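# Close look at the chain arrangement
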Amino acid sequence: MAKAATRPWPPLGALCSRLLTPALACLTVVLLAGCGAPPWNNPYPEGQAGENILYGAFTERPKHLDPVRSYSSNEYSFIAQIYEPPLQYHFLKRPYTLVPLTAEAVPEPTHLDADGNPLPADADPERIAVTEYLVRIQPGIRYQPHPAFAQDADGRYRYHDLSPAQIAGLNELSDLPETGSRELTAEDYVYQIKRLAVPWLHSPIAGLMGEHILGFEAFSERIREAAPEPVGGERPFFDLRRYDFPGVEVVDRYSYKVRIDGRYPQFVYWLAMPFFAPMPWEAEALTSQPGMADNNITLDWYPVGTGPFMLTENNPNLRMVLARNPNFHGETYPAEGMPGDREAGLLEAAGEPLPFIDRAVYSLEKESIPYWNKFLQGYYDTSGISSDAFDQAVKFDAAGEAGLTADMREKGIQLSTAVQTSIWYMGFNMEDDVVGGDSERARLLRQAISIAVDFGEFISIFANGRGVQGQGPLPPGIFGHREGEAGINPYVFDWEHGRPQRKPIEEARALLAQAGYRDGRDPETGRPLSIYYEAMDAGPDGKARLNWMRKQFAKLGIELIVRATDYNRFQEKMREGTGQVFMWGWNADYPDPENFFFLLYGPNRKIDGGENAANYSNPELDRLFERMKNMPDGPERQAVIDRMTEIVRHDTPWSFGFYPESFSLHHQWVENVKPNLMANNTLKYLSLEPGIREDKRAAWNPPVLWPIAAVVLVLVLGALPAIVIARRRERSAAL
Amino acid sequence: MSAYIVRRLLYAIPILIGVNLITFVLFFVVNSPDDMARMQLGDKRVTEEAIQAWKADHGYDRPLLFNAEAEGLGALTDTIFFQKSVKLFALNFGTSDSGRDIGYDIRQRMWPSLAIALPVLLVGLAINISYALMIVFFRATYIDVGSVVLLVAMMSISGLFYIISGQFLIGKLFHLVPISGYDIGLEAFKFLILPVIVGVVSGIGTGTRLYRTFFLEEINRDYVRTARAKGLRERIVLFRHVLKNALIPILTGVVAVLPLLFMGALITESFFGIPGLGSYTIDAINRQDFSIVRAMVFLGSVLYILGLILTDISYTMVDPRVRLS
């Protein structure tokens, strides 16, 4: 047999060992080079070790960072650290209390009659034509360094008149290297209020402010007519300083007035929201140059403020970094708090200058599993608790009090809980023929359903116990909410053994029978009453919830037909008033009962374009609402709220589901943690012990190398029989 | 060949129009311009006027596909479909509904996608080919049977399982690499190890099985029999003859997916927090940002067509018998 004319091949075993050894060496080098010094799983650069940096995560990219548009909590967690409205909520005091931020004091309203004459504080509301707020801001507050303020030697703005070629070369704001700053003035606040009226900025509160700020809507119309048309999709700079309207006025360099049409006592709360933060015209002049928006340089991407932090890296697909603003004015940690705050160590930093941390690095973490694991490894300083991780982190004692599991305590992790100023409710469409209207029959049906749907069970099953059963429209922490026996909904609960107890299902059945639906049967057809439930739980996760809801109605013999859809269609049905029963929620804008009762105010019905999704209307409630919203907190207001609550409980347009409870965890090296559900600018109060964090990270994350050796060993052991067989074959082939 | 390429490129135009039309119809069956406006403006306190203003500002105030009020050609051109689609053919993706330059975002985000996809492709190819060759070498033995069972099992497991297991074992238990995240420059390396391992391991089942089939097909051919008859060792037959010929379908298959590497991996990027084009697309769908969705679908179609043309060209290169006409 002719021998093949080939190059001689080495024996298979030698070939394997010749390849395997360098491969293993390469793997080891690569692993060591890639991972650096232990801990190898540290996701942050080694250079940051020991630095005073807070590490957190965000799960969703913020849509807007322009305070004129931003209106969601994930956006506020960034911009509230940067922009400073005149007021803020006291970090420690409860109930939530407004205190000055850049203002010298919380402004007191001045009431004027139709002729502009001042009225006394207790003037007849009918005589009040205008309410005026005079806001005085503190002098000496300066903006963060920003290219919009950079000037040349002649005082001309360095970047306000860039050529198209220069703009074409820009990709980020940092491509403009020179920065400047200037003092905050009252004009900046007025400028921002005018921006709220600018039609093309689409402020979500423009409609609301149009109802309250004097001349706001007319001003908006004037702007629409006077503004230049967009060029290539971009609107040239439109200097709002040249246009005035009666609703706002610059009084002097440090004072401005806001005039409200009639009365709107809740307006002062809006002054604590970023909508009313200052905006320097220079920033808008810079970013409105043609081509800037095309290059992603907009106010929606690059905020500019006077707050304790500034956004130094905005890559919401990866990371957002807040760094200490070098020009921040000297705010100090509060010296007063609530009983127990001193014992909890929350007043130890009293009087010390803010902020305490140098930087805050927030990484994008879309999935809850890696987020949670990285928190346990010490790479995030704070975390919420997802449903998946709840049992691992929290346990409830016999009294129902939440506490940490032994594993969490061992790690020194601490738990903070707070009932949110929110409500989830089951709404009945009052326009519906069966469940709606003010007939006795429909009311009894609604009350029966309210008893049958056990939200205590819902909280336990679907919210891991994180919630408090609702007794009325006002959650705890809002003026008017009553605790204890006086606060229970007597149509749904009894007070037993010192706690509210849901009425037995027999009472619900009895109410149903009174309504004419004996055993849940429709007297006209003799078949079980069918009720349609509009659900936004169209996905597989919602199936368990919907099944649970069906069972609640089945207790009464009612057949619940679920119409599951997506959120868009759900909203559409609500707007058109075609739903029958649904669940929805509300998160307070500000801690005032008006912000909840307006959801039940007749003129605010959803089918008329408002937020009253149940389309509920009760003339007495509407009258009391009009009165209550203009009253100061006190016994008189409490009495009105009590009556309103009673009306709503009796009419039952809502079954008051539950007030969600927020649970959050933080590591032992994070200090000054107190949940504040109204304030968004709390980052400045947090302090850290980076040394402890470094030690714990090292202790918790030692690289475990034996698995690498085990994998190699398995591969080698697995290869040996193969080598043996191969050799045998080669030998046999050679025969 | 140039005539062939030009013809294929011309064929691509109606395909792209069709893809664009289907994307448009599917998107707007689920979302209306009003829904998009509400998504951008938020849930709270949004007035009808604000919605109409947003639609007008973003060009969604026109009819979707046919403008009955316009005259002549305007009935087709003064529509959302035409206005939003025509620039795509010049690869001008415009701005997203939230105001970002889509082209810039794509240029930024394709690198992280490539940083994962390329190593996964190359390392995966090397491992899959080696493993497939080994199985073929030991065909009809326990190693062959055992490997096929293992590969079928690996194919049957969800990709998500590999991701979660990888994060749990390598990141959480063994503390060898970060569980998730990404960084720029060399710092990115430590974040890529785990997704690349997961990508490679999850692809072994499918890849090796496929390549094993290619090799087995070749190994029964006459030229292999001839090589064996010449007395060549089995190893040499495999490496020198079988591998070379089986590489033709392997390489042409790889060429087809090369352009698509830019598009990223949807789930992997999401779980590992990689800011690539896969997560860009998912985010856009979640945010109902039609401008990004249509841009990404269009880009994907263009790249796919490009991949198919490259495949045809590569056939002519690796197999001289093939001629494009």
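Nothing here was measured: the structure is a model prediction, and the numbers come from that model. (Residues numbered from 1 in each chain as written. Chains lettered and ligands numbered in written order. Predicted model: local features only at pLDDT ≥ 70, side-chain atom pairs only at ≥ 80, totals over all residues. Heavy atoms only, no water.)

## Here we look at the overall build of chain A
For chain A, the count of helices and strands is 21 helices and 25 strands. The C-alpha extent of chain A, read off along each of the three principal axes, is 115 × 85 × 55 Å. Counting all 735 residues of chain A, 54% fall into the buried class. For chain A, long-range pairs separated by at least 24 residues make up 71% of all intrachain contacts whose partners lie at least 6 apart in sequence. In chain A, the 72 positive side-chain charges and the 97 negative ones have mean positions that sit 8 Å from each other. (Helix = DSSP H or I, 4+ residues; strand = E, 2+ residues; numbered from the N terminus. Buried < 20%, exposed > 50% of the residue type's maximum accessible area, 1.4 Å probe, protein only. Contact = heavy atoms within 4.5 Å. Lys, Arg positive; Asp, Glu negative; His and termini not counted. Charge placed at Lys NZ, Arg CZ, Asp CG, Glu CD.)

## Quick notes on the overall build of chain B
Within chain B one finds 14 helices and zero strands. Within chain B, residue pairs in contact and separated by at least 24 positions form 68% of the contacts whose partners lie at least 6 positions apart. If you sum the accessible surface of chain B, you get close to 14,900 Å²; carbon and sulfur atoms cover 69% of it. Computed over 29 positive and 25 negative side-chain charges, the separation of the two mean positions in chain B equals 14 Å. (Areas by Shrake-Rupley, 256 points an atom, 1.4 Å probe, with all protein chains shown as cover.)

## Re the domain arrangement of chain B
Residues and elements named next belong to chain B. One can read the domain layout of chain B as domain 1 (2-90) and domain 2 (116-318). Spacing between the C-alpha centres of domain 1 and domain 2 amounts to 36 Å. Opposite the 22 residues of domain 1 that make contact, domain 2 presents 18 residues. Between domain 1 and domain 2 the total buried area reaches about 1,800 Å² when both faces are included, carbon and sulfur atoms providing 72% of it. Where domain 1 touches domain 2, the interface holds one salt bridge. Of the charged contacts in the structure, one is a salt bridge between Arg8 and Asp312, with a shortest N-O distance of 2.4 Å. Viewed at the interface, domain 2 and domain 1 are joined by five residue pairs in polar contact (both at pLDDT 80 or more). Of all the secondary-structure elements, those providing two or more residues to the side of domain 1 that touches domain 2 are helix 1 (2-30) and helix 2 (33-41). Per-element accounting of the side of domain 1 that touches domain 2 gives the leading share, 13 residues, to helix 1. Partitioned by chemical class, the residues of the side of domain 1 that touches domain 2 number 15 nonpolar, four polar and three charged. (Domains from an automatic or database assignment. Buried area = accessible area lost by both parts, 1.4 Å probe. Salt bridge = Lys/Arg side-chain N within 4 Å of Asp/Glu carboxyl O. Polar contact = N/O pair within 3.5 Å; in protein donor to acceptor, adjacent residues only side chain to side chain. Nonpolar A, V, L, I, M, F, W, Y, C, P; charged D, E, K, R; others polar.)

## Focus on the UniProt feature "transmembrane region" (unreviewed entry) in chain B
Residues and elements named next belong to chain B. The UniProt entry lists residues 9-30, 114-136, 148-171, 191-211, 246-272 and 292-315 under the feature "transmembrane region" (unreviewed entry), expressed in the numbering used here. In residues 9-30, the share of helix is 100% and the share of strand is 0%. The end C-alpha atoms are 32 Å apart. Secondary structure within residues 292-315 divides into 100% helix and 0% strand; the distance between the first and last C-alpha atoms comes to 34 Å. (UniProt positions renumbered as here; feature names shortened; annotations may be inferred.)

## Here's the deal with the side chain of Arg649 of chain A
The topology assignment puts Arg649 of chain A in helix 19 (residues 635-651). Every residue in contact with Arg649 of chain A, bar those within four places of it in the chain, is listed here: Gln447, Gln471, Gly472, Gly487, Ile488, Asn489, Pro490, Tyr491 and Phe656 of chain A.

## Thoughts on helix 6 (residues 216-226) of chain A
Residue and element names in this part refer to chain A. For helix 6, the complete set of buried residues consists of Phe216, Phe219, Ser220 and Ile223. The arc enclosing the buried residues of helix 6, seen along the axis, measures out at 100°, which places them on a common side. Every exposed residue of helix 6 that faces more than 90 degrees away from the buried side is listed here: Glu217, Ala218 and Glu225. Those residues of helix 6 that are buried are in contact with helix 4 (186-196) and helix 5 (206-212). (Arc of directions from axis to C-beta.)

## A closer look at the sheet that holds strand 5 (residues 118-119) of chain A
All names here are of chain A. Taken in spatial order, the five strands of this open sheet run 5-4-6-8-7, and their pairing is antiparallel. On the outer flanks of this sheet lie strand 5 and strand 7 (248-252), each paired with one strand and no other. In this structure, strand 6 (residues 130-136) lies alongside strand 8 (residues 255-261), joined through seven bridges in antiparallel fashion. Across the sheet, Glu132 pairs through a bridge with Arg259, a residue of strand 8. Sheet contacts for helix 4: strand 7 and strand 8; angle to strand 7, the most-contacted strand, approximately 175°. (Pairing = 2+ DSSP bridges. Axes fitted to C-alpha atoms, helices over the stretch in contact; angles between N-to-C directions.)

## Points about the pairing of strand 4 (residues 109-112) of chain A
Residue and element names in this part refer to chain A. Relative to strand 6, strand 4 runs antiparallel, the two being bridged by four bridges. Paired with His111 across the two strands is Thr131, which belongs to strand 6. For strand 4 and strand 5, the ladder comprises two bridges, and the chain directions are antiparallel. Across the sheet, the residue bridging to Leu112 is Pro118, located in strand 5. Linking strand 4 back to strand 5 in an antiparallel pair, the connection comprises five residues, with Gly116 at a positive phi of about 85°.

## Observations regarding the pattern of salt bridges
For the structure on display, the rule yields 55 salt bridges over all chains. The shortest N-O distance in the salt bridge between Arg509 of chain A and Glu506 of chain A comes to 4.0 Å. Here Arg509 of chain A pairs with Glu506 of chain A, and both are found in helix 14 (residues 505-514), just three residues apart, close to one helical turn. Given the relative accessible area of 39%, Arg509 of chain A is considered partly exposed. Residues Asp35 of chain B and Arg569 of chain A are paired through a salt bridge, measuring 2.5 Å at the closest nitrogen-oxygen approach. Of the two residues, Asp35 of chain B sits in helix 2 while Arg569 of chain A sits in helix 16 (residues 567-576), which places them in two different chains. Given a relative accessible area of 1%, Asp35 of chain B falls into the buried group. Among the charged side chains, a network of salt bridges with common partners joins Glu132, Glu249, Lys257 and Arg259 of chain A.

## Quick notes on the packing of helix 9 (residues 189-219) of chain B against helix 11 (residues 234-257) of chain B
Residue and element names in this part refer to chain B. Two elements in contact, helix 9 and helix 11, have axes separated by 9 Å at closest approach and are oriented at 115°. At the point where helix 9 passes helix 11, the crossing takes the right-handed sense. Judged by residue contacts, Tyr211, Phe214, Phe215, Glu218 and Ile219 of helix 9 engage Glu234, Leu238, Val242, Leu243, Asn245, Ala246, Pro249 and Ile250 from helix 11. Its residues assigned to classes, the contact of helix 9 with helix 11 comprises ten nonpolar, one polar and two charged. (Left-handed = near helix turned anticlockwise from the far one by under 90°.)

## Points about the packing of aromatic side chains
All names here are of chain A. A complete count under the given rule lists 56 aromatic pairs over all chains for this structure. Here Phe455 and Phe658 contribute two aromatic rings whose centre-to-centre distance is 6.4 Å and whose plane-to-plane angle is 40°, an arrangement assigned as tilted. Taken together, the residues Phe455 in helix 13 (residues 455-462) and Phe658 in strand 23 (residues 654-666) connect sequence positions 203 residues apart. Each member of the pair Phe455 and Phe658 is classed as buried. For the pair Trp586 and Phe598, a centre-to-centre distance of 5.3 Å together with 65° between the ring planes defines the contact as edge-to-face. Within this pair, whereas Trp586 is found in strand 22 (residues 581-587), its partner Phe598 is found in the loop between helix 17 (594-597) and helix 18 (619-628), the two being separated by twelve residues in sequence. (Phe/Tyr/Trp six-rings, centres within 6.5 Å; stacked < 30°, edge-to-face > 60°.)

## Points about the sheet that holds strand 1 (residues 53-58) of chain A
All names here are of chain A. One open sheet accounts for four strands, arranged 1-11-10-9; its pairing is mixed. The sheet is open, and its two borders are formed by strand 1 and strand 9 (309-315), each paired with just one other strand. Geometrically, the sheet is characterised by an average inter-axis angle of 20° between neighbouring strands, direction not taken into account. Bridge count between strand 10 (residues 319-324) and strand 11 (residues 359-364): five bridges; the pairing is antiparallel. Pairing of Arg319 across the sheet is with Ser363, part of strand 11.

## Here's the deal with the interface of chain A and chain B
Quoted interface sizes are often the accessible area lost when the parts come together. Counting from both sides, the interface comprises 76 residues of chain A and, opposite them, 67 residues of chain B. Across the chain A to chain B interface the summed buried area is about 6,300 Å²; carbon plus sulfur atoms make up 51%. Where chain A packs against chain B, one counts three salt bridges. Here Asp183 of chain B ties to Arg319 of chain A by a salt bridge, and the two come within 3.4 Å at their closest N and O atoms.

## Digging into the nonpolar core
Residues and elements named next belong to chain A. Judged by nonpolar contacts, the single largest core of 95 residues is most densely connected at Phe267, Trp270 and Phe276. In terms of residue count, helix 4 provides more of this core than any other element does, six residues in total. Listed in part, the 38 residues of the second largest apolar core include Leu444, Ile449, Ile531 and Leu556. (Core = buried A, V, L, I, M, F, W, Y, C linked by side-chain atoms within 4.5 Å.)

## Description of a nonpolar patch on the surface
All names here are of chain B. The grouping of Leu21, Val25, Val29, Val30, Leu64, Leu65, Phe66, Leu73 and Leu76 at the surface amounts to a nonpolar patch, some 810 Å² of accessible area in total. If one sorts the elements of the nonpolar patch by residue count, helix 1 sits on top with four residues. As for its position among the elements, Leu65 is in the loop between helix 3 (48-57) and helix 4 (74-77). Judged by relative accessible area, Leu65 falls into the partly exposed class, the value being 36%. (Patch = residues over 30% accessible without salt bridge, like charges linked within 9 Å, V, L, I, M, F, W, Y side chains within 5 Å.)

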